[in-house]
Amino acid sequence: MEITPSILTADFTRLGETLDDALQAGIRWIHLDVMDGNWVVNRTITFGPALIRSIRDRLGDNIILDCHLMITNAEETWPQYVDAGVNLVIAHIEAVKDPATLIDSLHDAGVQAGFVLNPDTPVDTILPYLQNLDLVLVMSVIPGKGGQSFMPEVEEKVRCFRTAIDQQISDGGRHTRLMIDGGIKAHNAAQVANWGVDIAVVGSGLINHKGTIAENLAEIHHELGQA
Ligand code: DX5
Ligand code: ZN
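In short, a report on the structure. (Residues numbered from 1 in each chain as written. Chains lettered and ligands numbered in written order. Predicted model: local features only at pLDDT ≥ 70, side-chain atom pairs only at ≥ 80, totals over all residues. Heavy atoms only, no water.)

Now for the sheet that holds strand β6 (residues 135–139). Spatial strand order, β1-β8-β7-β6-β5-β4-β3-β2: eight strands in an open sheet with parallel pairing. Each edge of the open sheet is held by one strand with a lone partner, namely β1 (2–5) and β2 (29–35). In this sheet, adjacent strand axes meet at a mean angle of 25° when their direction is disregarded. Pairing analysis gives five bridges linking strand β4 (residues 88–92) to strand β5 (residues 112–117), with the strands arranged parallel. Counterpart to Ala 91 in the pairing with β5 is Phe 115. (Pairing = 2+ DSSP bridges. Helix = DSSP H or I, 4+ residues; strand = E, 2+ residues; numbered from the N terminus. Axes fitted to C-alpha atoms, helices over the stretch in contact; angles between N-to-C directions.)

A word on the environment of Ile 199. Its location among the elements puts Ile 199 in strand β8 (residues 199–202). For the pair Ile 199 and Val 86, spaced 113 residues apart in sequence, the C-alpha to C-alpha distance is 17 Å. Excluding residues within four positions of it along the chain, Ile 199 makes contact with Met 1, Glu 2, Thr 4, Trp 29, Leu 135, Arg 177, Leu 178, Met 179 and Ile 180. (Contact = heavy atoms within 4.5 Å.)

Before going further, it helps to spend a moment on the coordination of the zinc ion (ligand 2). Donor atoms from the polypeptide that coordinate the zinc ion (ligand 2) comprise His 31 (NE2), Asp 33 (OD), His 68 (ND1) and Asp 181 (OD), at 2.0 to 2.3 Å from the metal. One can describe the site at the zinc ion (ligand 2) as octahedral: its six donor atoms subtend angles covering 69 to 169° at the metal. Every donor residue of the zinc ion (ligand 2) comes from the same chain, spaced as H-x1-D-x34-H-x112-D. Of the two residues, Asp 33 sits in strand β2 while Asp 181 sits in strand β7 (residues 177–181), which places them 148 residues apart along the sequence. An identical accessibility class is assigned to Asp 33 and Asp 181; each is buried. (Donors = N, O, S within 2.8 Å, 3.2 Å for Na, K, Ca; no water. Tetrahedral: all angles 85-135°; square planar, octahedral: opposite > 155°, others 65-115°. Buried < 20%, exposed > 50% of the residue type's maximum accessible area, 1.4 Å probe, protein only.)

So, about the site of ligand 1. Lining the immediate surroundings of ligand 1 are 20 residues, of which Asp 33, Gly 147, Asp 181, Gly 203 and Ser 204 lie closest. Contacts to ligand 1 include Lys 145, whose backbone N or O atom sits 3.5 Å from an oxygen atom. Protein contact buries 100% of the 380 Å² of open area that ligand 1 shows by itself. Of all the secondary structure elements, the ones that give two or more residues to the shell around ligand 1 are β2, β3 (64–70) and β8. For the shell around ligand 1, the element with the most residues is β2, which contributes three residues. Split into classes, the residues belonging to the shell around ligand 1 amount to seven nonpolar, ten polar and three charged. (Near = heavy atom within 4 Å. Polar contact = N/O pair within 3.5 Å; in protein donor to acceptor, adjacent residues only side chain to side chain. Areas by Shrake-Rupley, 256 points an atom, 1.4 Å probe, with all protein chains shown as cover. Nonpolar A, V, L, I, M, F, W, Y, C, P; charged D, E, K, R; others polar.)

Written out as structure tokens, the structure is:
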């Protein structure tokens, strides 16, 4: 299972150094949590395309950047994030009116398309689009902030997507990747890997005051049995 850091709990005045530390530790994928002050329940604002452009310019083209859009109008504003240099746009299915058109538009623009669902949103909101999606993200917290407790009840959702994706792959279809986001730390990383997750977002479990990113990542890899 691959690990991608969320920078939500970073000290934004030191963000460049934090990103350098992540790359130094072997990270090759960064997860960018965009909140517009409206869509998440706690009305948080995080950052937008300008910061993402600076991150892309600093990290170069070999690092994967995804943007997790917790915003009301992803269908209208996604081109700003593509222009800022993301490789993958992940939109909340609860906020999208015309999912099929959004996927096609993203692919036409040369970026990958992902959908994400909240812990209480049924999987059949996304399943009809699975064959055209590059990634499905299951939230394991209510989106809005870093450092929340993991919700183990999403296991059934994750396993359902895993089964559907495996079936799709064996039918010769797209290798849609399965991601989980929220409350993942060293103590539960192996559990979600066992559910069949391909990529886990880790925010406060990597960027915290307990250790360096390299130390925290090594602990997670140890739990996963990865060198
Ligand atoms: C939640 C975000 C996250 C999350 C990750 O709204 O999408 O990516 O904050 O942070 P941790 O790992 O601290 O839950
Ligand atoms: Zn996220």
